[in-house]
Amino acid sequence: GAINGTVMDEAGEPVVGVYVRLLARIAVQGRPELAAGPLATTDDRGAYRFSGLAPGRYLVSVPSMQSAVPASTSLGTGVGAGGSMPAPALDVSSTSRLVVRRYPLPPPPRGGVSLAYPITFLPNTPIVAEAGVIDLKAGDERLGADIRLEPTPVGHLAGRVEGPPEALVRLTLRLLAPGLEKLGHGAETATALVGADGRFEFVNVPAGAYTLDAPLTLTEFMVTPLARRFTASFPAPPGAGGSSMNMSYVPGAPPGTAIQQMDFRSNAPSFAARTSVVVRGGETTDLILQLRPLSRMTGRVVVDPDAPTIPDAAPAVIPSVRLEPANGDPSLGLPRSSRTPDGTPYMFVIEGLRAGPYCIRVESAGVWMIKSVAWRGRDYADEPFDAAATQDFDDVVVTVTRAVPSVIGAVRDERGQAVTAAAVIAFPVDPARRTNYGLTPTRLKMVRTLSTGRFRLALPPGEYYLVAVPANQAAAWQDAAFLEKIAAGAVRFSLDWGANVTRDVVIK
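Cut-offs and rules
- Along each chain, residues carry numbers from 1 onward, in the same order as the chain's sequence is written.
- Where local features are concerned, this predicted model is filtered to residues with pLDDT of at least 70; where side-chain atom pairs are given and counted, the filter is 80 or more; whole-chain, interface and lining totals use all residues.
- The side-chain numbers reported here are obtained from all heavy atoms of the structure, hydrogens and water having been left aside.
- Strands here are runs of E lasting at least two residues and helices are runs of H or I lasting at least four, both read from the DSSP assignment and numbered beginning at the N terminus.
- Relative accessibility thresholds used throughout: buried, under 20% of the residue-type maximum; exposed, over 50%; partly exposed, between the two (1.4 Å probe, protein chains only).
- Should any heavy atoms of two residues lie within 4.5 Å, those residues are considered in contact.
- Accessibility throughout is a Shrake-Rupley quantity obtained with a 1.4 Å probe, and a residue counts as covered only by protein chains that appear here.
- Put simply, a patch holds well-exposed residues, over 30% relative accessible area, that have no salt bridge, with like charges counted together within 9 Å and Val, Leu, Ile, Met, Phe, Trp or Tyr side chains within 5 Å.
- Salt-bridge detection follows one rule: a side-chain nitrogen of Lys or Arg within 4 Å of a carboxyl oxygen of Asp or Glu.
- DSSP calls a pair of strands paired once it identifies at least 2 bridges connecting them.
- Nonpolar cores are built from buried Ala, Val, Leu, Ile, Met, Phe, Trp, Tyr and Cys residues. Side-chain atoms within 4.5 Å join them into one set.
- pLDDT is a per-residue confidence score from the predictor, ranging from 0 to 100.
- Two residue types count as positive, namely Lys and Arg, and two as negative, namely Asp and Glu; His and chain ends fall outside the count.
- Polar contact criterion, stated in full: a pair of N or O atoms within 3.5 Å, where within protein one must be able to donate a hydrogen and the other to accept it, and residues adjacent in sequence count only if both atoms are side-chain atoms.
- Two aromatic rings from Phe, Tyr or Trp, using only the six-membered ring of Trp, form a pair when their centres are within 6.5 Å; if the ring planes differ by under 30 degrees the pair is stacked, by over 60 it is edge-to-face, and anything between is tilted.

1. Observations regarding the overall build of the protein
Secondary structure assignment for the protein yields two helices and 43 strands. The buried share of the protein, taken over its 508 residues, is 51%. Expressed as a percentage of contacts within the protein between residues at least 6 apart in sequence, the contacts between residues at least 24 apart total 74%. Put simply, the protein shows about 21,900 Å² of open surface, and 53% of that area lies on carbon and sulfur atoms.

Put into structure tokens, the structure is as follows:
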């Protein structure tokens, strides 16, 4: 499909050479989320076009970011470490400069009131909750998706960041409008590069309520097939350096949905902050932002000594450990393990845990399965760690096994014939285990049948329901309401460690 439109200013004149971005409405754990989509720029007529779009539900936006840096920041082609930046800038005060990029430039003041364009969504609203949704089917072409920009009075937000000096190096603060807090770079209304003395200033900020974020990493959902079709991308924050990315696909989300984490402050100390602020037009707000140390987890991975030997199995490398947001919130990031400083085998350290619930996972899930996660006398294999409840998690023992239980069977129709185009869903009998399971659930699985109608699902021990549905209904397999609906006609079964069970199901 395709979406076409134009971007005009308040006088009806085309806005040339600015970014236009799509956001996709998706479901993760059955809950609505926003995912970053492709990026384009307007031509000399203010026109934009997105083509080759997959079916989905889209929002069209014109990003508008006011990127401020200290006046002492020099122009140049370098990035970050030397205090230079790769873009021209406007002097807006004795202490700050505004970096010029492909965002709408602020219009001239009116009646002594400074103005700026806010982020604007189709149909002409700065509020994402009021944005119109384009429900694009295969082959659809949406014409006339036109956006008109309207300026609004601005204020300034200034203050000082308190924290270790090394945590202030290349620190970029972000201002995020309500509803955009879970998106990465490009969703900000404004950014501010913190000076060596901890001072910062946001300039030309449209009046309103915001989240002020001092991140260590940025994580967001994104629709990767769309993003790969377009070469334009948001530039890195002014002063940022040493960026790196990792990306992984999200089971259960629409096809092609991934979660991406960007670290644009490599080797920075593990400190961050997030708070709510209000910017009022014509005023300067002064505040103190206190950086807080992020939580960390240390522990070791051990192999279950009681697991039966697997005949003819090749030796397997002990898996590494990662954490996932239990509630699916991408802003919590994807903290991953690293070796302890002394390089001790099977020991791990995970840094950078923001306040929130995390599930623990192992990387080579096809070979290993977590049997238990012991910490302070409790098993967290099925229970999230709450990073808000304690500063650090020390001596976590993750026991893994290769004796992975499975349910094996075939899908048949009411006449007993094999069904080749079906999806088989296994989910816990206990409804409490059907939510807050991270991004890669262990007890909730879906698989499509083979050409013979057969299937296999690896699951931890427990009590489960098993259902076969037409393949076109498979997208709802992580929706708790859908699972509750189909549970009445499900086959119930139990699994124990090291054992396989056979269950055939009739398609519903």
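2. A short note on a nonpolar patch on the surface
On the surface, Leu90, Val92 and Leu105 cluster together to form a nonpolar patch covering roughly 250 Å² of accessible area. Counting through the fold element by element, Leu90 comes out in strand β9 (residues 89-91).

3. Describing the pattern of salt bridges
Across all of its chains, the model carries 25 salt bridges by this definition. For Asp382, the salt bridge goes to Arg443, with nearest N and O atoms at 2.9 Å. Here Asp382, found in the loop between β33 (378-379) and β34 (385-386), pairs with Arg443, found in the loop between β37 (422-428) and β38 (445-448); they are 61 residues apart in sequence, far enough to count as distant. Judged by relative accessible area, Asp382 falls into the partly exposed class, the value being 40%. Its salt-bridge partner being Arg492, residue Glu463 comes within 3.5 Å of it at the nearest N-O pair. Here Glu463 is found in strand β40 (residues 462-470), whereas its partner Arg492 is found in strand β41 (residues 491-495), with 29 residues between them in sequence. Where salt bridges share partners, they join Arg174, Glu188, Asp213, Arg274 and Arg354 into one cluster.

4. Notes on the sheet that holds strand β6 (residues 66-70)
The mixed open sheet is built from eight strands, whose spatial order is β9-β10-β6-β18-β17-β20-β24-β26. Taken across any chain shown, the strands that pair with only one partner, and hence form the sheet edges, are β9 and β26 (292-293). Bridge count between β6 and strand β10 (residues 96-99): four bridges; the pairing is antiparallel. Considered in β10, the bridge of Pro70 is made with Ser96.

5. Some details on the pairing of strand β5 (residues 56-62)
Counting buried positions along β5 gives five out of seven residues, so the element sits mostly inside the fold. Summarising the sheet, strand β2 (residues 19-28) and β5 pair through five bridges and their orientation is antiparallel. Looking at β5, one finds that Arg21 is bridged to Ser61. Pairing analysis gives three bridges linking β5 to strand β13 (residues 134-136), with the strands arranged antiparallel. Paired with Arg57 across the strands is Asp135, a residue of β13. In terms of strand pairing, β5 meets strand β12 (residues 120-121) through two bridges, oriented antiparallel. Considered in β12, the bridge of Val62 is made with Thr120.

6. Some words on the nonpolar core
Residues Val161, Leu173, Leu175, Leu180, Phe200, Phe202 and Leu291 are the most contacted members of the largest nonpolar core, which totals 35 residues. Listed by contribution, the elements that provide at least two residues to this core are β16 (152-162), β17 (172-176), β18 (190-193), β19 (199-206), β20 (208-214), β24 (271-279) and β25 (284-290). In terms of residues, this core owes the most to one element, β24, which gives four residues. Counting 31 residues, the second-largest nonpolar core is a separate cluster that includes Val7, Ile134, Ile147 and Val223.

7. What to know about the environment of Val404
Looking at the secondary structure, you find Val404 in the loop between β35 (392-401) and β36 (406-412). Sequence separation between Val404 and Asn500 is 96 residues; the distance between their C-alpha atoms is 8.5 Å. Contacts of Val404, omitting those with residues within four sequence positions, involve Val367, Met369, Ala458 and Asn500.

8. As for the confidence of the model for the protein
When pLDDT is averaged along the protein, the result is 87; 90% of the residues meet or exceed 70. Within the protein, strand β8 (residues 84-85) has the poorest average pLDDT of any element, 46, and β12 the best, 98. Note on residues 77-85: pLDDT is under 50 here. Beyond four places in sequence and across chains, it has 23 contacts.

9. Considerations on the sheet that holds strand β29 (residues 337-338)
The strand order across the open sheet formed by six strands is β29-β30-β27-β35-β32-β33, and the pairing between neighbours is mixed. Looking at which strands have only one partner, the edges of the open sheet turn out to be β29 and β33. Direction of pairing for strand β27 (residues 295-303) relative to β35: parallel, over a ladder of seven bridges. Bridge pairing links Gly299 to Val396 in β35.

10. Re the side chain of Glu201
Along the chain, Glu201 turns up in strand β19. Within the buried set, Glu201 has no salt-bridge partner at all; the shortest N-O distance to an opposite charge, 7.6 Å, is to Arg199. At 2.6 Å, the side chain of Glu201 and the side chain of Ser96 are in polar contact. A distance of 3.4 Å separates a polar atom in the side chain of Glu201 from a polar atom in the side chain of His156. In this structure, Glu201 is in contact with Ala68, Ser93, Thr95, Ser96, His156, Leu157, Ala158 and Ala192, ignoring residues within four places of it in sequence.

11. With respect to unusual backbone geometry
The omega torsion of the bond from Leu122 to Pro123 falls at 5°, within 30 degrees of zero and hence cis. One non-glycine residue, Gln29, lies in the positive phi region at around 60°. By secondary structure assignment, the location of Gln29 is in the loop between β2 and β3 (31-41). For Asp395, which is not a glycine, the phi torsion comes out positive at approximately 60°. Along the chain, the position of Asp395 falls in strand β35. When its relative accessible area of 48% is taken as the criterion, Asp395 is described as partly exposed.

12. Side note on the packing of aromatic side chains
With the rule as written, the count across this model stands at twelve aromatic pairs. Relative to Phe493, the ring of Tyr464 has its centre 5.5 Å away and its plane inclined at 20°; by these criteria the two rings are stacked. Pair noted here: Tyr464 is in strand β40 and Phe493 is in strand β41, with a separation of 29 residues, a long-range link. Tyr464 sits in the buried class, given a relative accessible area of 0%. When its relative accessible area of 2% is taken as the criterion, Phe493 is described as buried. Pairwise contacts between aromatic rings join Trp375, Tyr380, Phe385 and Phe393 into one cluster.

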